[in-house]
Amino acid sequence: NEIFFVFDPIRMFAAKFAGILEKDVWQKPSTDFDKIFVYNKFSSNLLDKLNYGEKKIEIVGIPLLDESIERFSDKKKTEDLFRYLGLIKKKQFIIFNVEPAYEHHYLEKKDHFNNFKSILKILKNSSFKVIISLHPLCEIDRYKFAEKKYGVKISLDYKIHDLYPFCKYVVSFPCSTNILSQFF
């Protein structure tokens, strides 16, 4: 029984009068874009079905993966990554991709950290080392306690796309980086 707006209704009202409110404010990406770049044919097909038009859609790779793929095939760079993580080479690990619920303001701090700790308690019982990947908005000082209390490693020098090729499992929330895991 609640009304939910994609944007503040007053801003939407003002945008409508200014002539800049999109026809469908929920449609992402905007149908007004001249060009839309997607990662793969699957994404292209989804957009095409929504009448974006084939000429607007361009399939491109994911440039940020170039370095990750290069590291995967470079013995020294791979060893450097494992050394940083505190792991014996080729020792399997779990990536815990932390949901930035508190940082995105859709959970209170207490609830967010209760969820975080609950997941860590479960992961701590696995036979795999747990590597935490934090969202860029996450303040490291709020999460540092987890290294000592749960024996995990927070990866600051390597981002999630750098870790994907080497992990056994990923524990994640619905996140845009999850699509990258399919490549590895």
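Before any of the text, the structure's been laid out above.
Attention in this report is confined to the structure presented alongside it. (Residues numbered from 1 in each chain as written. Predicted model: local features only at pLDDT ≥ 70, side-chain atom pairs only at ≥ 80, totals over all residues. Heavy atoms only, no water.)

Turning our eyes to something else, we now look at the layout of surface pockets. By volume, the largest pocket amounts to about 420 Å³. Taken together, 20 residues form the lining of the largest pocket, with Leu 134, His 135, Pro 136, Lys 159 and Ile 160 sitting closest to its centre. Of the residues assigned to the lining of the largest pocket, the class counts are 12 nonpolar, seven polar and one charged. (1 Å grid on protein atoms, 1.4 Å probe; cavity = no way out; pocket = protein on both sides within 12 Å on 5 of 7 lines; lining within 4 Å. Points joined across faces, edges and corners; volume = space filled by probe spheres on them. Nonpolar A, V, L, I, M, F, W, Y, C, P; charged D, E, K, R; others polar.)

A few words on the sheet that holds strand 6 (residues 169-171). Taken in spatial order, the four strands line up as 5-4-3-6 in an open sheet, and their pairing is parallel. Edge positions in the sheet fall to strand 5 (153-154) and strand 6, since each has one partner strand and no second. With five bridges joining them, strand 3 (residues 93-97) and strand 4 (residues 129-133) adopt parallel strand pairing. Bridging from a neighbouring strand, Ile 94 pairs with Val 130 of strand 4. Its contacts with the sheet place helix 5 (residues 109-124) against strand 3, strand 4 and strand 6, and it is angled at close to 170 degrees to strand 3. (Pairing = 2+ DSSP bridges. Helix = DSSP H or I, 4+ residues; strand = E, 2+ residues; numbered from the N terminus. Contact = heavy atoms within 4.5 Å. Axes fitted to C-alpha atoms, helices over the stretch in contact; angles between N-to-C directions.)

With that out of the way, let us pick up helix 4 (residues 75-85). Working note: α-helix, 3.6 residues per turn, so residues spaced by three or four point in the same direction. The complete set of buried residues in helix 4 reads Thr 78, Leu 81, Phe 82 and Leu 85. Across the axial projection of helix 4, the buried residues extend over an arc of 95 degrees, all falling on one side. More than 90 degrees from the buried face of helix 4, the exposed residues found are Lys 76 and Arg 83. Capping the start of helix 4, Asp 74 holds a side-chain oxygen 3.0 Å from the backbone nitrogen of Lys 76, two or three residues further along. Downstream of helix 4 by a residue or two, Gly 86 has a phi angle that is positive, lying close to 75 degrees. (Buried < 20%, exposed > 50% of the residue type's maximum accessible area, 1.4 Å probe, protein only. Arc of directions from axis to C-beta. Polar contact = N/O pair within 3.5 Å; in protein donor to acceptor, adjacent residues only side chain to side chain.)

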